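# Notes for the structure review
Here's the letter readout for the chains.
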Amino acid sequence: MMLLFWASAATAQQAIPADAETQIHAAFDAFQQATPVPGLVYGVVRNGKLDLVSAEGVQRVGSPRAVEADTRFRIASMSKAFTALAILSLRDAGKLRLDDLAETHVPEMKGWAYPTTDAPRIRIRDLLAHTTGMVTDDPWGDRQQVLGEGDFTAMIARGVPFSRTPQLAHEYSNYGYALLGRIITNASGKPYQRYIRDTILTPLGMNQSGYEIADVPPEKLAVGYRWENDRWVAEPSMRDGAFGAMGGLHTTAIDYAKWLSFLLSAWPERDGAETGPVRRSTVREMAQGLNFVRIAPRPGQGADDRCVHAIAYGMGMRTTPDCDLGLTLSHGGGYPGYGSFVVLAPERGVAAFAFASRTYQAPAVAVWQSLYALARNGAAPPRPPVEAPHLAGFVDAARAAYAAGTLKPLEGKLAMNFLMDRSADNWALELARLKRQLGACTSAEPLAVQTRMQASFRWNCERGLLDGQVLLAPTDPLTIQALRFQPQLRQISQP
């Protein structure tokens, strides 16, 4: 059974504008020209729907069978988000805590020798965030896919050479996510793959997704290749094993869109029944980038782009605010024979993704450019703001105070700090000064609600605009702790 997820009536689905669609296809054409791949599929998910999907190339070099939306690709490290959400679901069920020492659930880790005597022992949250001190293990980790569970147990028991002391920095570790897979197995009492299937894949209707590549019908598989010695060479099709939690999932564009629709449905926060396999608040927790931030230019933008990305690793996703898209969650996947990438803009209800069948060739820039094309063309508007009708009353009272030149209309609405921070006499002088500059303010623009406790406003006045912000205090009843004004005088044209 496929679950249906919430979409606001205020964001009723409109067709993707032709200009945006043209720009999206152009971005992937550019990727193909720079980095040819045998097979490619990409898509856009908006408001619970696979709104655009395109498939190019062939499933197998030398065969005429074309890639289609239901062709299965390995998505490599984009699998980590499934692992992270599974851990959070077990936390919700009381099976573990994120601050548990990992060795509590993986006893073979108890004998590990840490690099310093003051080193903290690895917690589950360190594994989620790649702050374990273990060395970056691309590409070594990818080739461990076939490792058997018994061999993995022996590997864990031997310990690891540390790159650094845990919790000092972010350092990407496939080994760490394989350990999370073992924790899921031990805490749930089910093999990792079965827990993912029962908890996430089946409830979402992702029936064409799984971990064992040998189970995929040959006519449905995009074979993975690398370009070597001027020809395509098929990569070994590694069977699933103990490292599957770090990157073993195979899926289709149609199935993956169900996963993205589910994740996006967690935003915005709201009342109402839970319809997904994991709580909405738990999904939103994946976006908490709580560790070491790095700064990078926005992918695929010009040298004059003034927006930069401050990137942190959340839980199975990288998280960053974007100037045009708001909050974004992203992750790539690199694997022998495959490259993939996904970006979600949950405050806009939109995501873009791509799968390719060439080693480590993830179409990251094209995916980002797809979302920028949607934003530029009005196809990814912000979701409706949080409803906070009480804020309008406070702003109306502030406008009445401006008109009267006194705080009297705000009596009973001010927090205890308000007149301590600025006297009533000084406010009267400030209101008189603003009124001399701008004159009467005869109308107002719609309120811009930031949170249930804060809003920005704009009043249209005789000689310009008056912008402002109101911030409420944490009191019951609600009161104003801060009121700010910023005048914008109308420019007078010269003869």
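Preceding this section is the structure that the text describes.
Nothing here was measured: the structure is a model prediction, and the numbers come from that model.

All right, on to the overall build of the chain then. A count of helices and strands for the chain gives 14 helices and 17 strands. Viewed in the frame of its principal axes, the chain has a C-alpha envelope of about 80 × 55 × 45 Å. A buried classification covers 52% of the 495 residues belonging to the chain. Contacts in the chain between residues far apart in sequence, at least 24 positions, make up 67% of those at least 6 positions apart. With the model as given, the accessible surface of the chain reaches about 21,800 Å², and the carbon-plus-sulfur share is 52%. When the 50 positive and 48 negative side-chain charges of the chain are each reduced to one mean point, those points stand 2 Å apart.

Let us look at the sheet that holds strand β2 (residues 49-57). With respect to topology, eight strands assemble into an open sheet ordered β2-β1-β12-β11-β10-β9-β8-β7, the strand pairing being antiparallel. Either end of the sheet is taken by a strand with one partner, and the two such strands are β2 and β7 (294-297). For this sheet the average axis-to-axis angle between neighbouring strands, irrespective of direction, equals 20°. Pairing of strand β10 (residues 326-335) with strand β11 (residues 338-345), which is carried by seven bridges, proceeds in the antiparallel orientation. Considered in β11, the bridge of G332 is made with F341. Docked against the sheet, helix α11 (residues 364-376) engages β1 (39-46), β8 (308-313), β9 (318-322), β10, β11 and β12 (350-356), running at close to 155° with respect to β12.

At a minimum axis separation of 8 Å, helix α12 (residues 390-404) and helix α14 (residues 424-438) run at an interaxial angle of 80°. Taken together, α12 and α14 sit at an angle that is classed as roughly perpendicular. Of the residues in α14, those in contact with A401, Y402 and A403 of α12 are L431, L434, K435 and L438. Looking at the contact of α12 with α14 residue by residue, the class counts come to six nonpolar, no polar and one charged.

For the rest of this paragraph, the subject is the packing of aromatic side chains. Evaluation of the coordinates by the stated rule reveals 26 aromatic pairs. On the basis of an interplanar angle of 70° and a centroid distance of 6.1 Å, the ring pair of F457 and F485 is categorised as edge-to-face. Placement of F457 in strand β15 (residues 454-461) and of F485 in strand β17 (residues 480-489) is noted, with a sequence separation of 28 residues between them. Classification of F457 as buried rests on a relative accessible area of 4%.

A few words on the pattern of salt bridges. Considering all chains together, one arrives at 29 salt bridges under this definition. The residue D305 makes a salt bridge to R298 at a minimum N-O spacing of 2.9 Å. Within the structure, one salt-bridge network assembled from shared partners comprises R91, D92, R279 and E285.

Taking 1.5 Å of rise per residue, 13 residues should cover 18 Å, and α11 covers 19 Å from first to last C-alpha, within 8% of that figure. Restricting attention to buried positions, one finds in α11 the residues A366, V367, W368, S370, L371, Y372, A373 and L374.

A few words now on unusual backbone geometry. The linkage connecting D138 with the following residue, P139, adopts the cis geometry, with an omega of 10°. The topology assignment puts P139 in the loop between α4 (124-129) and α5 (149-158). Residue P268 follows W267 across a cis peptide bond; omega there is -10°. With a phi angle near 50°, N47 is a residue other than glycine that sits in the positive phi range. Considering the arrangement of structural elements, one finds N47 in the loop between β1 and β2. Residue Q167 is not a glycine yet carries a positive backbone phi of 70°. When you line up the elements, Q167 lands in the loop between α5 and α6 (174-188).

Moving on to a nonpolar patch on the surface. Taken together, V293, I295 and V308 make up a surface patch of nonpolar side chains, about 290 Å² in accessible area. Note that V293 resides in the loop between α10 (280-285) and β7.

Time to look at the environment of E108. Within the fold, E108 resides in the loop between α3 (102-105) and α4. The class for E108 is partly exposed, based on a relative accessible area of 25%. In this structure, the C-alpha to C-alpha distance between E108 and R158, residues 50 residues apart in sequence, is 8.3 Å. What E108 contacts, discounting residues up to four positions off in sequence, is T153, I156 and A157.

Across soluble globular proteins, nonpolar side chains show a tendency to be buried alongside one another. Within the largest apolar cluster, 87 residues are counted, with the highest numbers of intra-cluster contacts made by F82, W112, F152, Y175, Y256 and W259. In this structure, I24, V44, L325 and A379 belong to the second largest nonpolar core, which totals 28 residues.

Looking now at the side chain of T165. You can see T165 is positioned in the loop between α5 and α6. For T165, a relative accessible area of 14% corresponds to the buried category. At 3.4 Å, the side chain of T165 forms a polar contact with the side chain of T116.

On to the state of the cysteines. All told, the structure shown has two disulfides when counted by the stated rule. Across a sulfur-sulfur distance of 2.1 Å, C307 and C323 are joined as a disulfide pair. Between C307 and C323, the disulfide has an S-S torsion of 95° and is therefore right-handed. Of the two residues, C307 sits in the loop between β7 and β8 while C323 sits in the loop between β9 and β10, which places them 16 residues apart along the sequence. Its relative accessible area of 5% is what places C307 among the buried residues.

Reading the values: the criteria
Residues numbered from 1 in each chain as written. Predicted model: local features only at pLDDT ≥ 70, side-chain atom pairs only at ≥ 80, totals over all residues. Heavy atoms only, no water. Helix = DSSP H or I, 4+ residues; strand = E, 2+ residues; numbered from the N terminus. Buried < 20%, exposed > 50% of the residue type's maximum accessible area, 1.4 Å probe, protein only. Contact = heavy atoms within 4.5 Å. Areas by Shrake-Rupley, 256 points an atom, 1.4 Å probe, with all protein chains shown as cover. Lys, Arg positive; Asp, Glu negative; His and termini not counted. Charge placed at Lys NZ, Arg CZ, Asp CG, Glu CD. Pairing = 2+ DSSP bridges. Axes fitted to C-alpha atoms, helices over the stretch in contact; angles between N-to-C directions. Parallel < 35°, antiparallel > 145°, perpendicular 65-115°, else oblique. Nonpolar A, V, L, I, M, F, W, Y, C, P; charged D, E, K, R; others polar. Phe/Tyr/Trp six-rings, centres within 6.5 Å; stacked < 30°, edge-to-face > 60°. Salt bridge = Lys/Arg side-chain N within 4 Å of Asp/Glu carboxyl O. Expected span 1.5 Å × (residues − 1). Patch = residues over 30% accessible without salt bridge, like charges linked within 9 Å, V, L, I, M, F, W, Y side chains within 5 Å. Core = buried A, V, L, I, M, F, W, Y, C linked by side-chain atoms within 4.5 Å. Polar contact = N/O pair within 3.5 Å; in protein donor to acceptor, adjacent residues only side chain to side chain. Disulfide = S-S within 2.5 Å.

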